[in-house]
Amino acid sequence: MSRETYVTEALGDVYQRVKTARVLMVGAGGIGCELLKNLVLTGYGEVHLVDLDTIDLSNLNRQFLFRHEHIKKSKALVAKDTASKFNPHVKLVAHHANIKDPQFSVAWFKSFDLVFNALDNLDARRYVNRMCLTAEVPLIESGTTGFNGQVQVIVMGKTECYDCNPKEVPKTFPVCTIRTTPSQPIHCIVWAKSYLFSNIFGIDEDESPDLDNSVNADNASEIDNLKRENTELKHIKDAFGTSEFPRLVFEKVFQIDIDRLLSMEEAWKHRKAPVPILYDELQLVADAEVKKSAAKVAADDQPVWSLAEDFVVFKDSVEKLSARVLELQKNIGGSARPVLCFNKDDDETLDFVVAAANLRSQVFGIEQKSKFEIKQMAGNIIPAIATTNAIIAGVCVLQSFKILNNDLSHAKAVFLSRQPERIFSTESLQPPKPDCAVCSVARCAIEVDVERLTLGNFVERVLRGDLGYSDEVSIVTNKLLYDLEFDDNAEKTFKELDIGEGTFVTIIDEEEPEGSTPRVNLEFLVYAKSLTREVDSSYKLIHISEIPRKPMPKQMEAVNEAVSFSNGNGSVLAGQKRKAEDDELLEVSSMDAKKPKVQTGDEDVIVLDDDEAIEID
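Residues numbered from 1 in each chain as written. Predicted model: local features only at pLDDT ≥ 70, side-chain atom pairs only at ≥ 80, totals over all residues. Heavy atoms only, no water.

## Examining the environment of Asp300
Positionally, Asp300 belongs in the loop between helix H12 (294-299) and helix H13 (307-332). What makes Asp300 partly exposed here is its relative accessible area of 35%. When the C-alpha positions of Asp300 and Phe372 are compared, they lie 9.0 Å apart, and in sequence the two are 72 residues distant. (Helix = DSSP H or I, 4+ residues; strand = E, 2+ residues; numbered from the N terminus. Buried < 20%, exposed > 50% of the residue type's maximum accessible area, 1.4 Å probe, protein only.)

## Brief notes about the nonpolar core
Core analysis: the largest hydrophobic core is formed by 56 residues, its most contacted members being Trp191, Leu196, Phe201, Phe250, Phe254, Phe314 and Phe352. Counting only elements with at least two residues in this core, the list comes to helix H8 (185-201), helix H10 (245-262), helix H11 (279-289), H12, H13, helix H14 (347-364) and helix H15 (371-378). Residue contributions to this core peak at 11 residues, all from H8. In this structure Trp191 touches Ile178, Arg179, Leu196, Val253, Phe254, Ala356 and Arg360, once residues within four positions along its chain are discounted. Within the second largest apolar cluster, 46 residues are counted, among which are Val7, Leu36, Ile140 and Cys396. (Core = buried A, V, L, I, M, F, W, Y, C linked by side-chain atoms within 4.5 Å. Contact = heavy atoms within 4.5 Å.)

## A few points about the sheet that holds strand S14 (residues 504-509)
Strands pair in a sheet through their backbones, by hydrogen bonds, and they do so in one of two ways: parallel or antiparallel. Read from one edge of the open sheet, 6 strands run S13-S12-S14-S15-S11-S16, paired in mixed fashion. Pairing within the sheet leaves two strands with one partner each, and these edge strands are strand S13 (480-482) and strand S16 (539-544). Strand after strand, the sheet turns through a mean of 30° between neighbouring axes, direction not considered. Pairing analysis gives 7 bridges linking strand S11 (residues 442-448) to strand S15 (residues 522-528), with the strands arranged parallel. The residue of S15 that forms the bridge with Val448 is Ala528. (Pairing = 2+ DSSP bridges. Axes fitted to C-alpha atoms, helices over the stretch in contact; angles between N-to-C directions.)

## Here we look at the pattern of salt bridges
Evaluated as defined, the whole model comprises 26 salt bridges. Asp351 is the partner of Lys371 in a salt bridge, and the nearest nitrogen-oxygen pair spans 2.8 Å. With Lys371 in helix H15 and Asp351 in helix H14, this pair connects stretches of sequence that are 20 residues apart. Of the two residues, Lys371 and Asp351, both sit in the buried class. The network of salt bridges with shared partners includes Arg22, Glu46 and Lys91. (Salt bridge = Lys/Arg side-chain N within 4 Å of Asp/Glu carboxyl O.)

## Some details on the environment of Glu460
In this structure, Glu460 sits in helix H17 (residues 455-466). Along the chain, Glu460 and Ser470 lie 10 residues apart, while their C-alpha atoms are 9.8 Å from each other.

## Concerning the sheet that holds strand S6 (residues 148-154)
With respect to topology, 8 strands assemble into an open sheet ordered S3-S2-S1-S4-S5-S6-S9-S10, the strand pairing being mixed. Single-partner strands in this sheet number two, and they are strand S3 (91-95) and strand S10 (424-428). On average, each strand axis in the sheet is tilted by 15° relative to the strand beside it, whichever way the strands run. Here strand S1 (residues 22-26) pairs with strand S4 (residues 114-117) via 4 bridges, running parallel. Residue Leu24 lies in a different strand from S4, and its bridge partner there is Val115. Its contacts with the sheet put helix H6 (residues 122-135) on S1, S4, strand S5 (139-145) and S6, and the angle it makes with S5 is roughly 165°. Packing of helix H16 (residues 386-404) onto the sheet brings it into contact with S4, S5, S6, strand S9 (412-416) and S10, and relative to S6 it is tilted by some 15°.

## Some details on the packing of aromatic side chains
When we look at a pair of aromatic rings, we describe it by the centre distance and by the angle of the planes. Tallying each qualifying case throughout the model produces 20 aromatic pairs. Between the aromatic rings of Phe254 and Phe314, the centroid separation amounts to 5.8 Å while the plane-to-plane angle is 75°, which identifies the pairing as edge-to-face. Residue Phe254 is found in helix H10, and its partner Phe314 is found in helix H13; the two are separated by 60 residues along the sequence. Assigned by exposure class, Phe254 and Phe314 land together as buried. A cation sits over an aromatic face here: Arg418 above Phe147, 4.0 Å from the ring centre. Arg519 extends its terminal NZ or CZ atom over the ring of Tyr469, reaching a point 4.4 Å from the ring centre. (Phe/Tyr/Trp six-rings, centres within 6.5 Å; stacked < 30°, edge-to-face > 60°. Lys NZ or Arg CZ within 6 Å of the ring centre and 35° of its normal.)

## Focus on a nonpolar patch on the surface
Residues Ile391, Ile423 and Phe424 make up a contiguous nonpolar surface patch of roughly 260 Å² in combined accessible area. Note on placement: Ile391 falls in helix H16. (Patch = residues over 30% accessible without salt bridge, like charges linked within 9 Å, V, L, I, M, F, W, Y side chains within 5 Å. Areas by Shrake-Rupley, 256 points an atom, 1.4 Å probe, with all protein chains shown as cover.)

## Digging into H14
Along its 18 residues, H14 runs 26 Å from first to last C-alpha, staying within 8% of the 26 Å computed at 1.5 Å per residue. For H14, the tally of buried residues reaches 15 of 18 residues, placing the bulk of the element in the interior. With its phi angle positive at about 65°, Gly365 sits one or two positions after the end of H14. (Expected span 1.5 Å × (residues − 1).)

## Considerations on the confidence of the model for the protein
Do not read the predicted coordinates in detail wherever pLDDT is low. Across the protein, the average pLDDT comes to 82, with 81% of residues at 70 or higher. Segment residues 204-219: pLDDT under 50, and 40 contacts once partners within four positions in sequence are set aside and those in other chains are kept. Within the model, the stretch residues 562-617 combines pLDDT values under 50 with 134 contacts to residues more than four positions away or in other chains. (pLDDT = per-residue confidence, 0-100.)

Okay, structure coming up:
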């Protein structure tokens with residue numbers, strides 16, 4: 001009996017489309033492993049998979065295409081090799097790369113019949129969503145969070161896109177709480193990761209997205225203190241790589257800074273005061289009590305380490321990370337010291353954060369955590385459930401059959417929850433939101449000689465001359481480049497503004513004619529070309545769609561009401577569809593560069609409960 005017998009009987013004529021389909025799968029992690037297995041066993045003709053990540057030990061409990069011998073190898077390449085054994089008739093092409101790399105252009109996306117998103121990164125999801133809209137390729141978006149999951153079918157001009165519904169902004173922590181009055185383990189973990197690690201080995205703390213550095217009445221003085229402490233840390237960094245460096249760092253953050261806090265007597269009248277840790281005293285305790293090497297202590301991630309063990313690991317990790325930085329500096333040359341980034345799967349950076357966080361917890365009388373627990377919290381991880389991934393991957397393939405059969409009317413947005421009375425919930429696909437800044441836009445392609453065309457010429461010739469815009473426009477990429485009151489970049493070329501092949505440039509019409517509305521946003525896709533040296537040939541419009549005007553306010557209200565979210569038991573869907581599937585940090589994008597930021601509440605703290613789900617305390 002042929003391996004195709006049963007699938008042919010189940011799918012009928014659709015199977016012929018499946019056999020010839022060319023599909024792209026982005027992400028080869030928890031969902032990706034299950035999804036690739038399903039695609040291969042179903043018999044999809046050609047599957048491309050893209051993933052930049054490598055395999056870590058923590059992946060093996062749920063990403064079944066990988067084994068222990070694959071650790072540190074490319075997820076995409078190993079997944080391809082493993083899955084190809086399931087069905088040798090399927091053509092698999094693996095790309096160990098970032099989906100945002102220039103090689104994966106709009107033209108490349110256009111070559112696929114269908115795209116599957118199996119990502120755990122909010123920014124990458126938004127990027128793939130945008131590329132599929134531009135390429136007009138159907139996208140099946142999926143995500144899981146613990147026991148919850150969802151699948152969304154996205155088709156340009158026919159359904160809501162990934163950005164039609166706002167995603168929750170990740171939590172930030174007021175700097176006054178993190179630096180002065182921590183009260184929970186997460187406060188100490190954020191301090192160790194986003195303040196201490198960043199200032200010693202990475203970027204300045206001012207650039208950290210986990211801390212709210214906005215000055216207000218509550219934290220203005222603490223911001224000043226923080227800047228002074230940053231300066232002191234920079235002086236200590238002059239001893240970088242020496243035998244005294246771990247001691248200097250330790251005494252600075254666990255003794256000198258704590259003594260300063262104790263001098264603020266008013267702060268401790270109604271709360272427990274911190275207790276400094278003395279380096280020499282703790283060194284004596286460690287010499288007497290810790291019989292294992294720092295590496296052996298760090299290897300045991302389940303128990304909570306003792307104070308002496310934290311001390312030993314702290315010193316060891318500072319020495320190792322310092323040596324790594326100096327080695328990088330030696331290899332790349334130059335006087336600038338390289339920076340390191342925290343990575344939950346990098347044992348040395350994780351050990352530093354674990355030891356530093358627990359030492360600070362000791363100072364403030366806060367419960368300490370194991371390395372395993374801190375890895376979850378520092379990496380903003382909700383432990384993945386293999387069964388959830390398998391269910392969602394199966395739903396993705398079922399929805400793909402409807403797309404290939406041109407049966408969009410029967411495709412659904414599917415939501416999985418832990419509620420026993422309603423494990424699955426479905427919703428009919430909604431039309432695009434008319435006010436969505438990603439899918440409800442006009443699109444244009446333009447060939448540009450990026451070394452010749454200046455932003456000023458682009459405004460004058462293309463926007464005003466060719467397209468009839470007024471002076472009241474804003475131009476954004478991942479940042480604001482131009483508006484009526486900001487023309488500093490007018491003389492700069494596209495190349496100088498980092499606008500190149502595959503860059504999206506968004507035009508926002510700020511003019512509001514009497515009795516009418518501004519035009520919808522216009523999104524240019526840039527193709528970098530070397531054009532002839534004629535005066536007017538530094539650009540060439542190769543595709544321009546009609547640029548409609550935005551709906552009138554009453555029209556908008558009626559449309560939004562017509563497509564408003566409704567479900568009998570809204571507790572399942574409203575709690576899942578309208579929130580982000582992960583806690584990854586957002587980058588500024590063209591669609592929200594002009595929008596005010598969404599506030600998420602006062603000093604919300606993320607904790608893990610016994611069921612391993614995220615709650616807001």
